Amino acid sequence: MKKIAFAIAATSLLGISSASQAAINVCVFDLLGKAGESYKMMEEWALAAKNWNTDVQLISYQSEELADKDFKSGKCDAVYITTMRARQYNKFAGSIDALGGIPNNAIALKA
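These numbers were taken from a predicted model, which means no experiment stands behind them. (Residues numbered from 1 in each chain as written. Predicted model: local features only at pLDDT ≥ 70, side-chain atom pairs only at ≥ 80, totals over all residues. Heavy atoms only, no water.)

**Concerning helix H3 (residues 64-73)**
For the record, the criterion: Note on exposure labels: buried denotes an accessible area under 20% of the residue type's maximum, exposed denotes more than 50%, and partly exposed covers the range between, all computed with a 1.4 Å probe on protein chains only. Strands are runs of DSSP state E lasting at least two residues, helices are runs of H or I lasting at least four, and both sets are numbered from the N terminus onward. When we speak of the arc, we mean the arc of directions from the helix axis to the C-beta atoms. Residue contacts are counted whenever heavy atoms from the two residues lie within 4.5 Å of one another.
Buried within H3 are the following residues: Glu-64, Ala-67, Asp-68, Asp-70 and Phe-71. When H3 is viewed along its axis, its buried side chains cluster within an angular range of 160 degrees and face the same direction. Turned more than 90 degrees away from the buried face of H3 sit Glu-65, Lys-69, Lys-72 and Ser-73, all of them exposed. Packing partners of the buried residues in H3 comprise strand S2 (24-29), strand S3 (56-61), strand S4 (78-81) and helix H4 (83-86). Once H3 ends, the next one or two residues include Gly-74, with phi positive near 95 degrees.

This is the structure we're talking about:
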C-alpha cells in the first residue's frame, strides 16, 4: 500500500477558498507522474473541490524532494507526499497507514 499523506489538511483549503476565488496549487508526488494512481485520486479530489467553489490546480512531480522543495518555497499551497517526508509537517503522519495501524474495517471507516 502506498503511504501518502497530505501536509495541509483539506479543511484548511476550504477556509482559503471561502476567503477568495484564486486557484489553489497542490504539488502532487507520484512516481508515475500524471499516469499514477495517486495523481488520479487527487484529480478526483480536485474535481470534487469545484462543488466547494474551490479551483484546485494540480502540479505533478515524479521527484518527492522537488515537490517538497516547491511547497517550502511557496510555489504550492499544499503538497501530497509520502508520510515519511510529511513528518516534518505532521508528527502523526504515518500513524494511520503504518503496518497494522488499521486492524479492521470498522476502524478504517472511522479514519
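**Notes on the state of the cysteines**
Stated precisely, the cut-off is as follows: Pairs of cysteine sulfur atoms within 2.5 Å are identified as disulfides in what follows.
Taken as a whole and judged by the stated rule, the model has one disulfide. Between the sulfur atoms of Cys-27 and its disulfide partner Cys-76 the distance amounts to 1.6 Å. Because the sign of the S-S torsion sets the handedness, a value of about 65 degrees for the bond joining Cys-27 and Cys-76 places this disulfide among the right-handed ones. Taken as a pair, Cys-27 in strand S2 and Cys-76 in the loop between H3 and S4 lie far apart in primary sequence, 49 residues in all. Owing to a relative accessible area of 4%, Cys-76 belongs among the buried residues under this scheme.

**Notes on the side chain of Glu-64**
Quick note on the threshold: The term polar contact refers here to a pair of N or O atoms within 3.5 Å; inside protein, the definition further demands a hydrogen-donor-capable atom paired with an acceptor-capable atom, and it admits residues adjacent in sequence only when both atoms are side-chain atoms.
Tracing the backbone through its elements, the reader meets Glu-64 in helix H3. A polar contact is formed between the side chain of Glu-64 and the side chain of Thr-82, at a distance of 2.4 Å. In contact with Glu-64, other than residues within four places in its own chain, are Phe-29, Ile-81, Thr-82 and Arg-85.

**Thoughts on the nonpolar core**
We apply this condition: Buried Ala, Val, Leu, Ile, Met, Phe, Trp, Tyr and Cys residues that are joined via side-chain atoms within 4.5 Å together make up what is termed a nonpolar core.
Formed by Ile-24, Val-26, Val-28, Tyr-39, Met-42, Trp-45, Ala-46, Ala-49, Val-56, Leu-58, Ala-78 and Tyr-80, the largest nonpolar core amounts to twelve residues. Broken down by element, this core gets its largest block of residues, five residues, from helix H2 (residues 37-49). Among the nonpolar cores identified, the runner-up in size contains ten residues, and Phe-71, Ile-81, Ala-86 and Ala-93 belong to it.

**Quick look at the pairing of S3**
Threshold: Pairing between strands is defined by DSSP: at least two bridges between the two strands are required. Looking down the strands as they point away from the viewer, one classifies a crossover as right-handed if the path from the first strand across the helix to the second runs clockwise.
The pairing of S2 with S3 spans six bridges and is classified as parallel. From the neighbouring strand, Ile-24 faces S3, where its bridge partner is Val-56. Of the crossover connections in this fold, the one passing from S2 over H2 to the parallel S3 is right-handed.

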